[in-house]
Amino acid sequence: MSENKEIRTRFAPSPTGYMHIGNLRTALFTYLIAKSQPNGKFILRIEDTDQTRKVDGAVDIIYNTLKNVKLFHDEGPDIGGPYGPYVQSERKEKGIYAEYAHKLVELGGAFYCFCNKDDEEEIDDASDVSSNEKAKFAKQNDPCRKISLDEAKKRIANGEKYVIRQKIPAGRTSFTDVVYGKIEVDNKTLDEGIMLKSDGFPTYNFANVIDDHLQNITHVVRGNEYLSSAPKYNILYKAFGWEPPVYIHLPPVMRDANHKLSKRNGDASFEDLVAKGYLPEAILNYIALLGWHPEGEQEIFSLDDLLKVFSIQRISPSAAIFDIEKLTWMNGVYIRALDLNSFNDLAMPYYKQVIHSNIDFLFLSKMLHDRVEVLGAIPEMIDFIDSLPENYDLELYTHKKMKTDKDISLKALQEAKSAFENINDSDWNDAKIHDVIMDLVAKLEWKNGQVFWPIRVALSGKQFTPGGAVEIANILGKTETLKRINLGIERLSNS
RNA sequence: GACCCUAUCGUCUAGAGGCCUAGGACAGGAGGCUUUCAAUCUCCUAACAGGGGUUCGAAUCCCCUUAGGGUCGCCA
C-alpha cells in the first residue's frame, strides 16, 4: 500500500429501512478514517442488489441522517463523482458486474453453475445428513465445477439458467485486519458462494469487491460480521490480480450481552432517539465511544474534535453494549452547553405540546435549561402550568425534610394568600414575590421550607417541578397563583 | 456441527511484561450547597472469567477450559 495514495473509504448501506445506531457508528468511523487524513475522501454507495428487500424512502433516510450528523460525503448518488454511478442497481444496468463475473470465470476464479434452487433445497430438506450434504455441496463439491467451459458456454447459449459461483483454490488464505490482526483460514472451510445471481444481479459478496476496486477504495470499513467472509474477498482480489484494500472490521454494538442492536429494537434507530429529544451531536459523540477510545480521559468531542484525535489503532476488537443511560447523561451535557436562546428554540415545540397560554417562555427556559437531559421529558415537567393536576394528592403537603404537614400548609397558604393579594399587579415579579415570602417566613418565625413548600405544591400539584415557589408563581401570574392557592386552602380545609 | 472472533467494575473503557494498592466516565450510595427537583462540589462502593504455563516479574505473552458473538443464503 503506497503511503502517498489518498485514503478513500466508503459507507455502503442497503436501503432497507431505518438507520440503526450500529450502522451510524460504522458511518462515523468510516468518515473519520478518511476525513482525519489530509486528502481523505468519504464516499456514499447504495447497495441495493437485493431488489426484494428495497424499502421506499430508505435512501432518503440515509441522506437525511448523514446530513443531520454532518457526515458529508465527497462522492455519492446525489452529488456524483468520478467513479459513478454510486448505486449498485445502476451499475448493474451498465453491465459492470456481469462483465467482471464472466471475466472471473475466464481467469479461473469462478465457474458457471446450472443447479437450480430447488435442487439445493431438496438436498437441504432431504434427510438428517442434509445439512452436511448441503455444506459439501457448497464447499468445492458442486457438480457443476466439473463442467468444461466450452460445455457450459454451450448450455448458456441454449438458454439454460445459470449462476456464477466463486471457485475456491486449495491452500490457506490469510489477511491482516487493522483491528483484529492476522487472520488465517484453511480454504477448505470456505464456501463457493454465488457471485452473479440468475437474475443477473451480483450478490453482495461480489459487488462489494468489484465496486471497492473500481472506485479505488483504499480502506474497507465494515462490521465484523464480514470477518469470516473476508478471506473469500481476498481470493477474489487475487484472482483478478488486484491489490486488496486495508481491512478495518468494527466490533458489534449490542443491545445487551447476548443480542446485537437490531432494527427490531425500536430505540436503536437514530430517528427514534432524535424524536425522543436526543441531540444529533450528542448521539454522534456517544457512539464514537462505542468501540473506540481516545488517548486521554476526555469524553466530550465535537465532530471536529474527533477528526483531530481519531486513530484507527484505538479501535477495540470487543463488542460494546449500547447504554442509553450514558447517552442520556451526555445529552444533558450538550443541552447545558447550549446558550439560552438556542435551548429555548429547541424546547419550544415541546412547550407547545402542553402550554397553550402565552407565558414568558424564555423565563421558563431559564428554569429548565439545567435540569433537562432529554427534550422529550419537557412536557411532563411543565404540564401543570396550563392546568393544575386535578385532585393532586394532598399528602404532598406533608414533607419531613421541609417540616410541613397539612395543618402547617393550610396556615402557610392562608398567610400567603393575603400577602400575595397585597402585591400590586405591576409589582408581580421574581424579586418581589421572593421578598414577600421571606417577610412571611420572618413574621411567622418558621423555617423557609414550611412556607415555600406548601406554596409550590398548591401551585403545581407535583412532587417535583422545575423551579420553586417563586418562579412558578411568577410564571403563573397573580390571578392564577391566587386561584390555585385558594383551591389548596379549600381542599386542605375539607380534608 | 464446522470455521472465525471476543473476554478488565452493572455499563463504556484505560492498560502494549515491572509505572497497578488496576485509572477515568455513566449508573448506584453518602454528604455539602439549595425554597422542591436539578445543576454543581466532596467522598464511597465496584472488575483483570477459570486453570495451566513462559518470566526474576503477567491484567498484559502462550495453551486449555468456560462463556458470549459472528459466518456457513440466488440477504447485505
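Treat the numbers as computed from the prediction; the structure is a model and nothing was measured. (Residues numbered from 1 in each chain as written. Chains lettered and ligands numbered in written order. Predicted model: local features only at pLDDT ≥ 70, side-chain atom pairs only at ≥ 80, totals over all residues. Heavy atoms only, no water.)

**Some words on the overall build of chain A**
Counting secondary structure elements, chain A contains 21 helices and twelve strands. Relative to a compact globule of 495 residues, whose C-alpha radius of gyration would be 23 Å, chain A shows 33 Å and is clearly more extended. Taking the principal axes of its C-alpha atoms as reference, chain A extends roughly 105 × 55 × 35 Å. Per-residue burial for chain A yields a buried fraction of 49% across its 495 residues. Long-range contacts, defined here as pairs at least 24 residues apart, represent 75% of the contacts in chain A between residues at least 6 apart. Summing over all exposed atoms, chain A offers an accessible surface of approximately 23,900 Å²; the carbon and sulfur share of this is 48%. Charged side chains in chain A number 61 positive and 73 negative. The centres of these two groups are separated by 3 Å. (Helix = DSSP H or I, 4+ residues; strand = E, 2+ residues; numbered from the N terminus. Rg over C-alpha atoms; globule rule 2.2 N^0.38 Å. Buried < 20%, exposed > 50% of the residue type's maximum accessible area, 1.4 Å probe, protein only. Contact = heavy atoms within 4.5 Å. Areas by Shrake-Rupley, 256 points an atom, 1.4 Å probe, with all protein chains shown as cover. Lys, Arg positive; Asp, Glu negative; His and termini not counted. Charge placed at Lys NZ, Arg CZ, Asp CG, Glu CD.)

**Looking at the protein's contact with RNA strand B**
Around RNA strand B, a shell composed of 57 residues is seen, among which T49, G291, H293, E299 and R371 lie nearest. The contact in question runs from a sugar or linking oxygen of RNA strand B to an N or O atom on the side chain of E297, over 3.1 Å. Elements supplying a minimum of two residues to the surface near RNA strand B: helix 5 (117–126), strand 6 (181–186), strand 12 (320–321), helix 13 (324–337) and helix 19 (448–460). Take the surface near RNA strand B: its biggest share by element is four residues, from helix 13. A class-by-class count of the residues in the surface near RNA strand B yields 22 nonpolar, 15 polar and 20 charged. (Near = heavy atom within 4 Å. Polar contact = N/O pair within 3.5 Å; in protein donor to acceptor, adjacent residues only side chain to side chain. Nonpolar A, V, L, I, M, F, W, Y, C, P; charged D, E, K, R; others polar.)

**Observations regarding the pairing of strand 2 (residues 41–44)**
Taken together, the four bridges between strand 1 (residues 8–11) and strand 2 define a ladder with parallel strand orientation. Looking at strand 2, one finds that F11 is bridged to L44. Regarding topology, helix 1 (residues 21–35) serves as the crossover connection from strand 1 to the parallel strand 2, and that connection is right-handed. (Pairing = 2+ DSSP bridges. Right-handed = clockwise from strand over helix to strand, strands pointing away.)

**Observations regarding the layout of surface pockets**
By volume, the largest pocket is sized at about 780 Å³. A12, S14, N23, E225 and Y226 are, among the 35 residues lining the largest pocket, the residues nearest its centre. Of all the secondary-structure elements, those providing two or more residues to the lining of the largest pocket are strand 1, helix 1, helix 8 (204–214) and strand 8 (219–223). Residue contributions to the lining of the largest pocket peak at four residues, all from helix 1. A per-class count over the lining of the largest pocket returns twelve nonpolar, eleven polar and twelve charged. (1 Å grid on protein atoms, 1.4 Å probe; cavity = no way out; pocket = protein on both sides within 12 Å on 5 of 7 lines; lining within 4 Å. Points joined across faces, edges and corners; volume = space filled by probe spheres on them.)

**Notes on empty space enclosed by the protein**
Under the definition given, this model contains one cavity of 30 Å³ or more. Of the volumes computed, that of the largest cavity is approximately 50 Å³. Together, P13, S14, G17, Y18, M19, N23, I61, I62 and K263 line the largest cavity. When grouped by side-chain class, the residues that make up the lining of the largest cavity number five nonpolar, three polar and one charged.

**Notes on the sheet that holds strand 4 (residues 163–166)**
What the three strands build is an open sheet, ordered 3-4-7; its pairing is antiparallel. Of all strands in the sheet, those with a lone pairing partner are strand 3 (110–113) and strand 7 (194–196), marking the two edges. The average angle at which neighbouring strand axes cross in this sheet is 40°, direction not considered. Running over the sheet, helix 4 (residues 96–106) touches strand 3, strand 4 and strand 7 and is turned about 105° from strand 3. (Axes fitted to C-alpha atoms, helices over the stretch in contact; angles between N-to-C directions.)

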